[in-house]
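# Architecture at a glance
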Amino acid sequence: MSFIRQYIEQQTINRRNLLLLSAYGLGGLAASAGLRPGPARAAGANPKIAWSYRDRTNPYWNSIVSGGEAFVESLGLPKSALLNLINGGSSEKSLADIKALLSRYGSGVALAADPNDMPNCRPVVEAVAGAGAYVSTIWNKTDDLHPWDFGDNYVSHMTWSDVGPSEQTARILIEAMGGKGGLVHLGGIASNNPAIERLAGLKNALKSYPNVELLAEQAADWDTQKANQVMSGFLTRYGDAIKGVHCASDTMAYGVIEALRAEGIENMPVVSYDGNPQAVDLVAQGKLLATVFTNPYWGGGITASLAYYAATGVFKPSKEPKEHREFYGPTVLVTTKDARDFKAKYIDSNPKYDWKDFWGLSKGQIQYRS
Amino acid sequence: MRRFMRRVATMTHGSMMDSIRKWVPFLVLLVLVLFFSAVNPHFLSLRNFARIAVSSSPALMVAVGATFVILMGSIDLSMEGTVAVCAVVFAMLLNRLGGSLAHVGWVAIPGALLAGGVLGAVNGLIHVRLRIPSFMASLSMGFVGVGLSLLMTGGNRILIDDPLFRSLLTVRVLNFPLMAYAALGGLVVAWFIQDNTTIGRNFYAVGGGEELARASGLNVGRVRVIGFVLAGIFFALGAILAVARLGIAETETGQGFMFLSITSVVVGGTGLAGGSGGVWNTLVGVLIVNVIGNGMVVVGLPDYLQDGVLGLLVISAVYLSMDRRSLSFAR
């Protein structure tokens, strides 16, 4: 029976060797990863391009992704070459999906992402940088996190400053009200930065109109149905005292307009934000007085483009000035005067963008309120 | 704990308690109306009641559909997906067929009802044939529905401008918009099904005691599938009214209906265990939930408190109105 014992012993040694060897291998891998010279090398000719975002049911995100697809097509690839990481509004899922993507493709990833909320941006960026891949983010980032602290891997961050444009829409609204009377504000999810900024814009405008009273402000969570219900509640509470409505998004404005229509009120001045196609139509018809277009199509394309061209080594992010790493996206005010021209230019057809003109539409470096 | 439960059981054991309990949801509604009117007298006006009716109408149809399923002791959580699909099917058909109900466009209505019925049938068959708990089967079907509607719309919104269809919202009879009467009509049909048809009585039989129903020769599987089909058709009615309310059909049309309808059914006093309650309870439940929603804005409750207060009010309403005597364990 000695051959059996011998076989078992041999196998034991083999297994031990295997374990030792694999431990050595893993250690070596980790060590080499740790010792690799700081900024990672370019990921090569064909990084996987991915967009991580909430979902496509919302017109805004739908445009973002359409822009991402247009960029992918500009490379001669099919739309399906863009990997969609849909987080459904969950930061945990956002991070888990990105980590899964990185463990599959390693450094060969060019990622565009909205990290869903501000605290989630750091773990996302660290995971990407740790894998030697490339990421460009939009909207959600804490003020202490900067692309230039991560060499080349954190390519850029784009956000939109809504205070100024929101103040402009508020002024248009108040002028239409004749500079007096009461108005109500329907806001987004109260903790969202755009919701805070858009309300701040309204309040800035109110400072120069002492005869206008902000009757109420209420979150309707960017939701059409909720806005409809909130507006009808406002009508009960304030009745004819309401002379104008300031909405923080187009989606909520639709609900407001329908709540007014149900009461037979047709001429109430309403302004909104986001520049969705349907809202631009309403501006052209005069049912909305103004909206603000943030060009999500371009934003979705350029964010993917920045990550992609950094990954392929077309430009070196660390050699770019700070205003190319953190910048504001474009905002275009759409009013009843220019809605038709605007529609022809941006809605009926998407302008053909040069996806290598990374900062052509940028509105300058992000400023932090200290 | 058990002794306490037993004492509660003996205390509530009495026909008088039963008859009072039956009216508790209605009393809750009355108290809410009085409370909100006391804080802001504007609440108690026909115009505001019409506003509550507008927001209640789609929810009522969806909740009535859910009522049938809950009466059987099952649960249907597919409404967000089903409503989205039906709304999109309705809007696409209407716009394809000329965009007006006046011509061939009316086909969109039976088309949407058919879509709802088919989705309900699939839902019921998965639940019965594959023996998957209705909770899981319908929840999953809801996701399928959301995905399907997204596929059909490509994430876009479909607008409905037909003045004839929108008259459901814009035309008023005795101060109330037509959609309120349409919903009331749907409720009466549901009431007829519940009280005057064999299938209606069978829902109670299955919910009251499935084993007993089976032993007396009832094809329980068939009853369940029919229940889900019926629910799907009422979800489609809800979808049509939801489109009438906003003039928009999109994937988000279904959003929020799950919480709204299940809460309404339970607050109205229909037991989740099945076998007790009915569509009139659901009417009261829908009104309670919508009165709370409207009332909180009307009295000017800060918005960061509203969700919390809604939750607390719902818990109290359920506590007061549900007959927990028959529940040894709340599932």
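What you are looking at is a predicted structure, and each value in this text was computed from that prediction instead of being measured.

### Concerning the packing of aromatic side chains
On inspection of all chains with the given rule, the structure shows 27 aromatic pairs over all chains. Judged by centre distance (6.2 Å) and plane angle (50°), the rings of Phe234 of chain A and Tyr238 of chain A are tilted. One end of the pair, Phe234 of chain A, and the other, Tyr238 of chain A, are both in helix H7 (residues 224-238), 4 residues apart, so they sit about a helical turn from each other. Here Phe234 of chain A and Tyr238 of chain A have matching classes, each one buried. Look at Trp23 of chain B and Phe26 of chain B: their rings are 6.1 Å apart centre to centre, the planes differ by 80°, and that puts the pair in the edge-to-face class. You can see Trp23 of chain B and its partner Phe26 of chain B sitting in helix H2 (residues 15-39), 3 residues apart, about one turn around the helix. Overall, the relative accessible area of 38% leaves Phe26 of chain B in the partly exposed class. Ring-pair connections join several aromatic residues into one group, and the members of that group are Phe71, Tyr297, Tyr308, Tyr309, Phe315, Tyr353, Trp355, Phe358 and Trp359 of chain A. The ring of Trp148 of chain A has Lys322 of chain A sitting right over it, with the charged end atom 4.6 Å from the ring centre.

### Considerations on the pairing of strand S3 (residues 109-113) of chain A
All names here are of chain A. Burial runs high along S3: 5 of the 5 residues are buried. Burial along S3 is two-sided: Val109, Leu111 and Ala113 facing one way and Ala110 and Ala112 facing the other are all buried. The pairing of S3 with strand S4 (residues 134-138) spans 4 bridges and is parallel. Residue pairing for S4: Leu111 is matched across the bridge by Val135. Between S3 and its parallel partner S4, the chain crosses via helix H4 (residues 121-131), and the hand of that crossover is right-handed.

### Describing helix H5 (residues 163-176) of chain A
Residue and element names in this part refer to chain A. The end-to-end C-alpha distance of H5 is 20 Å, a good match for the 20 Å that 14 residues give at a rise of 1.5 Å each. Along H5, the residues classified as buried are Pro165, Ser166, Glu167, Thr169, Ala170, Leu173 and Ile174. In the stretch just after H5, Gly178 is the one whose phi turns positive, near 80°.

### Things to note about the pairing of strand S8 (residues 242-247) of chain A
Residue and element names in this part refer to chain A. The element S8 is largely enclosed, with a buried count of 5 among its 6 residues. Relative to S8, strand S6 (residues 181-187) runs parallel, the two sharing 5 bridges. Bridge assignment links Gly182 to a residue of S8, and that residue is Ile242. As defined by bridge partners, S8 adjoins strand S9 (residues 270-271) across 2 bridges and the pair is classed as parallel. Paired with Val245 across the bridge in S9 is Val270. Handedness of the crossover joining S8 and S9 through helix H8 (residues 250-262) is recorded here as right-handed.

### Considerations on the environment of Leu178 of chain B
All names here are of chain B. Among the secondary structure elements, Leu178 is positioned in helix H8 (residues 178-196). Judged by relative accessible area, Leu178 falls into the partly exposed class, the value being 27%. Spatially, the C-alpha atoms of Leu178 and Val54 are 9.3 Å apart, while their sequence positions differ by 124 residues.

### Digging into the interface of chain A and chain B
How big an interface is tends to be reported as the loss of accessible area on association of its parts. At the interface, 28 residues of chain A touch 35 residues of chain B. Of the roughly 2,800 Å² buried between chain A and chain B on both sides combined, carbon and sulfur atoms contribute 44%. Three residues, Thr57, Gln225 and Thr236 of chain A, lead the burial of chain A against chain B; their summed loss comes to 24% of the area buried on that side. Linking chain A to chain B there are 3 salt bridges. Residue Arg47 of chain B pairs with Glu263 of chain A through a salt bridge whose shortest N-O separation is 3.8 Å. Elements represented by at least two residues in the side of chain A that touches chain B include exactly helix H2 (59-74), strand S7 (212-219), H7 and H8 of chain A.

### Digging into the confidence of the model for chain A
Residue and element names in this part refer to chain A. This prediction gives chain A a mean pLDDT of 88; 88% of its residues lie at or above 70. For chain A, per-element mean pLDDT is lowest for helix H1 (residues 2-35), which scores 57, and highest for S9, which scores 97. This stretch, residues 32-41, has a pLDDT under 50; its non-local contacts, to residues over four places away or in other chains, come to 7 contacts.

### A look at the confidence of the model for chain B
Residue-level pLDDT values for chain B average 89, and 91% of them are 70 or greater. Here helix H1 (residues 2-11) of chain B stands out as the element of chain B with the lowest mean pLDDT, 51, in contrast to H8 of chain B, whose mean of 97 is the highest.

### Considering the side chain of Asn87 of chain A
One can find Asn87 of chain A in the loop between strand S2 (82-86) and helix H3 (91-105). Setting aside residues no more than four positions away along its own chain, Asn87 of chain A makes contact with Ser52, Tyr53, Arg54, Lys93, Ser94, Asp114 and Asn116 of chain A.

### Topic: the packing of H7 of chain A against helix H3 (residues 46-71) of chain B
Across the interface, H7 of chain A lies against H3 of chain B with an axial gap of 10 Å and an inter-helix angle of 175°. Considering their axes alone, H7 of chain A and H3 of chain B lie roughly antiparallel with respect to each other. Where H7 of chain A approaches H3 of chain B, its residues Gln229, Ser232, Leu235 and Thr236 of chain A are matched on the opposing element by Asn48, Arg51 and Ser55 of chain B. Partitioned by chemical class, the residues of the contact of H7 of chain A with H3 of chain B number 1 nonpolar, 5 polar and 1 charged.

### Things to note about the nonpolar core
Taken as a class, soluble globular proteins show a tendency for nonpolar side chains to be buried jointly. Membership of the largest hydrophobic core comes to 89 residues, with the highest contact counts inside it found for Phe68 and Phe165 of chain B. For this core, the element with the highest residue contribution is helix H11 (residues 220-246) of chain B, accounting for 14 residues. Here Phe165 of chain B is in contact with Phe90, Leu101, Ile160, Ile240, Val243 and Ala244 of chain B, once residues within four sequence places are set aside. Formed by 74 residues, the second largest nonpolar core is a distinct cluster that contains Phe71, Val184, Ala195 and Val280 of chain A.

### Focus: the side chain of Thr224 of chain A
With respect to the secondary-structure elements, Thr224 of chain A resides in helix H7. On the basis of relative accessibility, which here comes to 3%, the residue Thr224 of chain A falls in the buried class. A polar contact is formed between the side chain of Thr224 of chain A and the side chain of Arg157 of chain B, at a distance of 3.3 Å. The residues contacting Thr224 of chain A, other than those within four sequence positions of it, are Thr251, Tyr254 and Gly255 of chain A together with Arg157, Leu246, Ile248 and Glu250 of chain B.

What counts and how
- Residues numbered from 1 in each chain as written.
- Chains lettered and ligands numbered in written order.
- Predicted model: local features only at pLDDT ≥ 70, side-chain atom pairs only at ≥ 80, totals over all residues.
- Heavy atoms only, no water.
- Phe/Tyr/Trp six-rings, centres within 6.5 Å; stacked < 30°, edge-to-face > 60°.
- Helix = DSSP H or I, 4+ residues; strand = E, 2+ residues; numbered from the N terminus.
- Buried < 20%, exposed > 50% of the residue type's maximum accessible area, 1.4 Å probe, protein only.
- Lys NZ or Arg CZ within 6 Å of the ring centre and 35° of its normal.
- Pairing = 2+ DSSP bridges.
- Right-handed = clockwise from strand over helix to strand, strands pointing away.
- Expected span 1.5 Å × (residues − 1).
- Contact = heavy atoms within 4.5 Å.
- Buried area = accessible area lost by both parts, 1.4 Å probe.
- Salt bridge = Lys/Arg side-chain N within 4 Å of Asp/Glu carboxyl O.
- pLDDT = per-residue confidence, 0-100.
- Axes fitted to C-alpha atoms, helices over the stretch in contact; angles between N-to-C directions.
- Parallel < 35°, antiparallel > 145°, perpendicular 65-115°, else oblique.
- Nonpolar A, V, L, I, M, F, W, Y, C, P; charged D, E, K, R; others polar.
- Core = buried A, V, L, I, M, F, W, Y, C linked by side-chain atoms within 4.5 Å.
- Polar contact = N/O pair within 3.5 Å; in protein donor to acceptor, adjacent residues only side chain to side chain.

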